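# Results of the structural survey
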Amino acid sequence: MEDMSTIFKTIWYYEWVTFNRNKTQVFLLGTVFLFGVYAIFCGKANIDTQRETIAQLTAKENAEFNGYQASFQEELVSTEAKQLRDIASRPNFAWFRHGYHVIAAPTDFANLSIGQRDLYRYYYRLTGMSLYYQLYQNEIANPFYLLVGNLDLSFILIYIFPLLIIVFCYSMYSGEKDSGILPLLRVQRASILQILLVRLTFYFLLITGLALSLSLIGFLVSENFLQGSNGYAALAWCAMTVGYCLFWFGLLFFIIAFRQSTSFNAIAAIGAWVLALIIIPALLNAKIEHDYPLNSNELAGLTRRTGLEDETDAEESKEVISEFLKYHPEYAKDSSVYNQNLMSKAYAAFTFLKDLESKKVVHNYNESVQERSQWASNFSWANPAVTAQQTFSRIAHTDLANYIAFQTEIADFHKTVQDFYFQRLFTDTTIKQEDYDNRPNFETYTEETNWYSIYVEIGIVALLGSIFFFKGVLILKQAR
């Protein structure tokens, strides 16, 4: 046993010497490390910009409402002061002028996997007007970035590290065969299988260690990585990083086990990379588009401005208000509901009724999106690369499910805003200064993490890698 241990240490030593003397490999490893650090800071710059935007929006909202409150203390000696007091106190103005920002603040690890945050909006300014008109208005965005996304650490881990593993390990058996030293290895006390396993372990520790080192740098750059649930998130991130590297090492060892030529190993390994990261995702997307088509034109219709057919027709206004009161009979107790601010009440009622109609369209659309996502997740076993990417996004709370849940929270908050103003509008009650202390307040949204499902996904990726690895071991044992 001691002799075998000495042999294994010797193999490790000479593997390190060989690696250290191969300037190309050292340069490649250093380049990937620097590229990974660059990706970390690119992700941080993107998320920091979002945080700055959020801070500006919060300050803007606070300044707006501080101005409304201050207007109650000012003397109405100017037209501007009178207008500001009207907007602050009269609900027929306030319900569509007062703006509330709903925000999905980035988590501490969002910079490591930007996910959907560069595609979907992470904040909205809501008034009491139509919810879905406000939700589905598009911002001006760079279509190039919408197509390719932004660089972050998860991209490096998912796409670059498998190539690094391939470059370092594809010739592990065939290289000795081509150089003519394989017969010398066969007469050693350690078997070919044992030698390959020792060498594979060396590169597994080297490359996985690099990936974990980059992750640690990412955690440190993110700050607060041990606060709250961030420790669990960091552990899950590292577990998926190890599991994903294990998958590619296992797959490569499976290819090596067939003892083919170096060119065959290289082509097979690159083919596996293309299959996992390009072809399978493309096929799954094509299948999803065919079986679960989405018609976004229906949502586009929600952003068109609509209103009463004749805003000067009092009878039409009263009909709209009467329809609205079926859903809010508490506002119908006073007959004066049809006397004051008739047009403002009619438009507010129309907005409410339009949202009820639009809600069905949005619900059906979101259900279709969730069905597509669920169908794709059922094939996670077929594509560890996509599974790893989704897991990283879920850990960082930048996945699609988090965005859909955020929209649900927005709908609930919008109802709170409408109730706050409609109660005063339809009962002809002015807004007082003290009412601002109880105005609606949206708490920054962050969805809870389902750690069980995340570790199941990690287990699936690691299990696939283990299957390939042990299958390779069996093939080599049978080849003796």
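All of these numbers come straight from a predicted model, not from anything done at the bench.

Take the overall build of the protein next. When helices and strands are tallied, the protein shows 18 helices and 2 strands. Taking the contacts inside the protein whose residues are at least 6 apart along the sequence as the reference set, 85% of them involve residues at least 24 apart. Surface summary for the protein: the accessible area is close to 24900 Å², and the carbon and sulfur share equals 57%.

Turning to a nonpolar patch on the surface, a few remarks are in order. On the surface, a nonpolar cluster with roughly 360 Å² of combined accessible area is contributed by Leu 275, Ile 278, Ile 279 and Leu 283. Note on placement: Leu 275 falls in helix α12 (residues 262-291).

Bringing the pattern of salt bridges into the picture now. Counted by the stated rule, this structure contains 9 salt bridges. With a shortest N-O distance of 3.6 Å, Glu 64 and Arg 125 are connected by a salt bridge. Of this pair, Glu 64 sits in helix α2 (residues 23-71) while Arg 125 sits in strand β2 (residues 123-126), placing them 61 residues apart in sequence. A salt bridge links Glu 323 to Lys 326; the shortest N-O distance between them is 3.1 Å. Via salt bridges that share partners, Lys 44, Asp 48 and Arg 51 belong to a single interconnected network.

Quick look at the packing of α2 against helix α7 (residues 153-169) now. Where α2 meets α7, the axes come as close as 10 Å, and the angle between the chain directions of the two elements is 175°. Considering their axes alone, α2 and α7 lie roughly antiparallel with respect to each other. Contacts between α2 and α7 involve Gln 25, Leu 28, Leu 29, Val 32, Phe 35, Gly 36, Ala 39 and Ile 40 on the former and, on the latter, Leu 153, Ile 156, Ile 160, Phe 161, Leu 164, Val 167 and Phe 168.

Okay, the nonpolar core next. Inside soluble globular proteins, nonpolar side chains tend to come together where they are buried. Counting residues in hydrophobic clusters, the biggest one holds 66 residues, and the most contacted among them are Phe 161 and Trp 248. Listed by contribution, the elements that provide at least two residues to this core are α2, α7, α10 (192-222), α11 (230-256), α12, α16 (384-396) and α18 (451-478). A per-element tally of this core places α11 first, with 16 residues. Each residue touching Phe 161, except ones within four places of it in the same chain, is listed here: Val 32, Ile 156, Ile 207, Leu 210, Ala 211 and Leu 214. Phe 350, Phe 352, Tyr 403 and Phe 422 belong to the second largest nonpolar core, which has 48 residues in total.

A separate point is α7. If you check α7, its first and last C-alpha atoms are 23 Å apart, about what 17 residues at 1.5 Å a residue would give, namely 24 Å. Where α7 bends most, at Ile 160, the angle is about 40°, and the proline Pro 162 comes one to four residues later.

At a minimum axis distance of 10 Å, the contact between α2 and α10 shows a crossing angle of 25°. In terms of axis orientation, α2 runs roughly parallel to α10. In the packing of α2 onto α10, the handedness of the crossing is right-handed. Contact with α2, carried on its side by Gln 25, Leu 29, Val 32, Phe 33, Gly 36, Val 37, Ile 40, Phe 41 and Lys 44, involves Tyr 203, Leu 206, Leu 210, Leu 214, Ile 217, Gly 218 and Val 221 of α10 and no other residues of that element.

In this section: the confidence of the model for the protein. Across the protein, the average pLDDT comes to 84, with 88% of residues at or above 70. Segment residues 139-148 is flagged for pLDDT under 50; beyond a separation of four residues in sequence, or across chains, it makes 7 contacts in the model.

Take the packing of aromatic side chains next. Counted under the stated rule, the structure contains 39 aromatic pairs. Here the guanidinium or amino end of Arg 121 rests over the ring plane of Tyr 123, the centre of that ring lying 5.4 Å away. In this arrangement the basic side chain of Arg 439 is found over the ring face of Phe 65, its NZ or CZ atom lying 3.9 Å from the centre.

This part is about unusual backbone geometry. With a phi close to 55°, Arg 259 is a non-glycine residue in the positive phi region. When its relative accessible area of 32% is taken as the criterion, Arg 259 is described as partly exposed.

Before going further, it helps to spend a moment on the environment of Tyr 244. Relative to the elements of secondary structure, Tyr 244 occurs in helix α11. As a C-alpha pair, Tyr 244 and Thr 208 span 36 residues in sequence and 9.4 Å in three-dimensional space. Once residues lying within four places of it in the same chain are set aside, the contact partners of Tyr 244 are Leu 157, Ile 158, Pro 162, Leu 277, Pro 384, Ala 385, Ala 388 and Val 461.

Attention shifts here to the side chain of Gln 134. Assignment of secondary structure puts Gln 134 in helix α5 (residues 131-135). Within the structure, Gln 134 has its side chain in polar contact with the backbone oxygen of Met 129 (distance 3.0 Å). Look past the residues within four positions of Gln 134 in its chain and what remains in contact with it is Arg 121, Tyr 124, Arg 125, Leu 126, Thr 127, Met 129 and His 414.

So, on to α12. The first and last C-alpha atoms of α12 sit 41 Å apart over 30 residues, in line with the 44 Å expected at 1.5 Å per residue. Within α12, the axis deviates most sharply at Leu 275, by approximately 45°. Looking only at α12, the buried set comprises Thr 262, Asn 265, Ala 269, Ala 272, Trp 273, Ala 276, Leu 277, Ile 280, Pro 281, Leu 284 and Ile 288.

Cut-offs used in this document
Residues numbered from 1 in each chain as written. Predicted model: local features only at pLDDT ≥ 70, side-chain atom pairs only at ≥ 80, totals over all residues. Heavy atoms only, no water. Helix = DSSP H or I, 4+ residues; strand = E, 2+ residues; numbered from the N terminus. Contact = heavy atoms within 4.5 Å. Areas by Shrake-Rupley, 256 points an atom, 1.4 Å probe, with all protein chains shown as cover. Patch = residues over 30% accessible without salt bridge, like charges linked within 9 Å, V, L, I, M, F, W, Y side chains within 5 Å. Salt bridge = Lys/Arg side-chain N within 4 Å of Asp/Glu carboxyl O. Axes fitted to C-alpha atoms, helices over the stretch in contact; angles between N-to-C directions. Parallel < 35°, antiparallel > 145°, perpendicular 65-115°, else oblique. Core = buried A, V, L, I, M, F, W, Y, C linked by side-chain atoms within 4.5 Å. Buried < 20%, exposed > 50% of the residue type's maximum accessible area, 1.4 Å probe, protein only. Expected span 1.5 Å × (residues − 1). Bend = angle between axes of the 7 residues up to and from the residue. Left-handed = near helix turned anticlockwise from the far one by under 90°. pLDDT = per-residue confidence, 0-100. Phe/Tyr/Trp six-rings, centres within 6.5 Å; stacked < 30°, edge-to-face > 60°. Lys NZ or Arg CZ within 6 Å of the ring centre and 35° of its normal. Polar contact = N/O pair within 3.5 Å; in protein donor to acceptor, adjacent residues only side chain to side chain.

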